[in-house]
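Coordinates in review
One letter stands for each residue in the lines below.
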Amino acid sequence: MTQDRLSIRGMTFHAHHGLEDHEIENGQRFDIDIEMFFDASVAAQTDHLSDTVDVRKVYKNIKKPVTEKRFYLIETLAQRVVDGVLDHFKVDAVTVRVRKPGAPLGGLSKGTEIEITRSRS
């Protein structure tokens, strides 16, 4: 089976996830990358959007849980993003990276990041 990869990189959202009161109240930046694995050969032959994954719809699908829900952990946020993509799009596997550049670590850093990969059973 062919496994092609379609990615959306650098999606940036202002959201209210985290453990600290100020994170939940004020929110902060979250950066998300997603890679979707599927067979793109039909779309490559037909040149029809209906034969591939519409990245505009994927973006909307990701934006909703990121901006409308609240989670303590970026691990939970990443899992919800993956679940939404696997539930609504014809992909075999998904890798998502969620970055929290302003994570309150008590010192200087470029933030935290979780990467998870899930596939259909």
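Below or above, wherever it landed, is the structure these notes cover.

Some points on the overall build of the chain
If you tally the helices and strands in the chain, you get four helices and four strands. A total of 121 residues make up the chain; the buried ones form 40% of that total. Considering only intrachain contacts with a sequence separation of at least 6, the fraction spanning at least 24 residues in the chain is 63%. A total of about 7,500 Å² of accessible surface is found on the chain, and carbon and sulfur atoms cover 48% of it. Averaging the locations of the 18 positively and 19 negatively charged side chains of the chain gives two centres separated by 3 Å.

Re the packing of aromatic side chains
For the coordinates displayed, the defined rule picks out one aromatic pair. For the pair Phe13 and Tyr59, a centre-to-centre distance of 5.5 Å together with 35° between the ring planes defines the contact as tilted. With Phe13 in strand S1 (residues 4-15) and Tyr59 in helix H3 (residues 55-68), the pair connects residues that are 46 residues apart, well separated along the chain. On the basis of relative accessibility, which here comes to 5%, the residue Phe13 falls in the buried class. Classification of Tyr59 as partly exposed rests on a relative accessible area of 31%.

Rules and cut-offs
- Residues numbered from 1 in each chain as written.
- Predicted model: local features only at pLDDT ≥ 70, side-chain atom pairs only at ≥ 80, totals over all residues.
- Heavy atoms only, no water.
- Helix = DSSP H or I, 4+ residues; strand = E, 2+ residues; numbered from the N terminus.
- Buried < 20%, exposed > 50% of the residue type's maximum accessible area, 1.4 Å probe, protein only.
- Contact = heavy atoms within 4.5 Å.
- Areas by Shrake-Rupley, 256 points an atom, 1.4 Å probe, with all protein chains shown as cover.
- Lys, Arg positive; Asp, Glu negative; His and termini not counted.
- Charge placed at Lys NZ, Arg CZ, Asp CG, Glu CD.
- Phe/Tyr/Trp six-rings, centres within 6.5 Å; stacked < 30°, edge-to-face > 60°.

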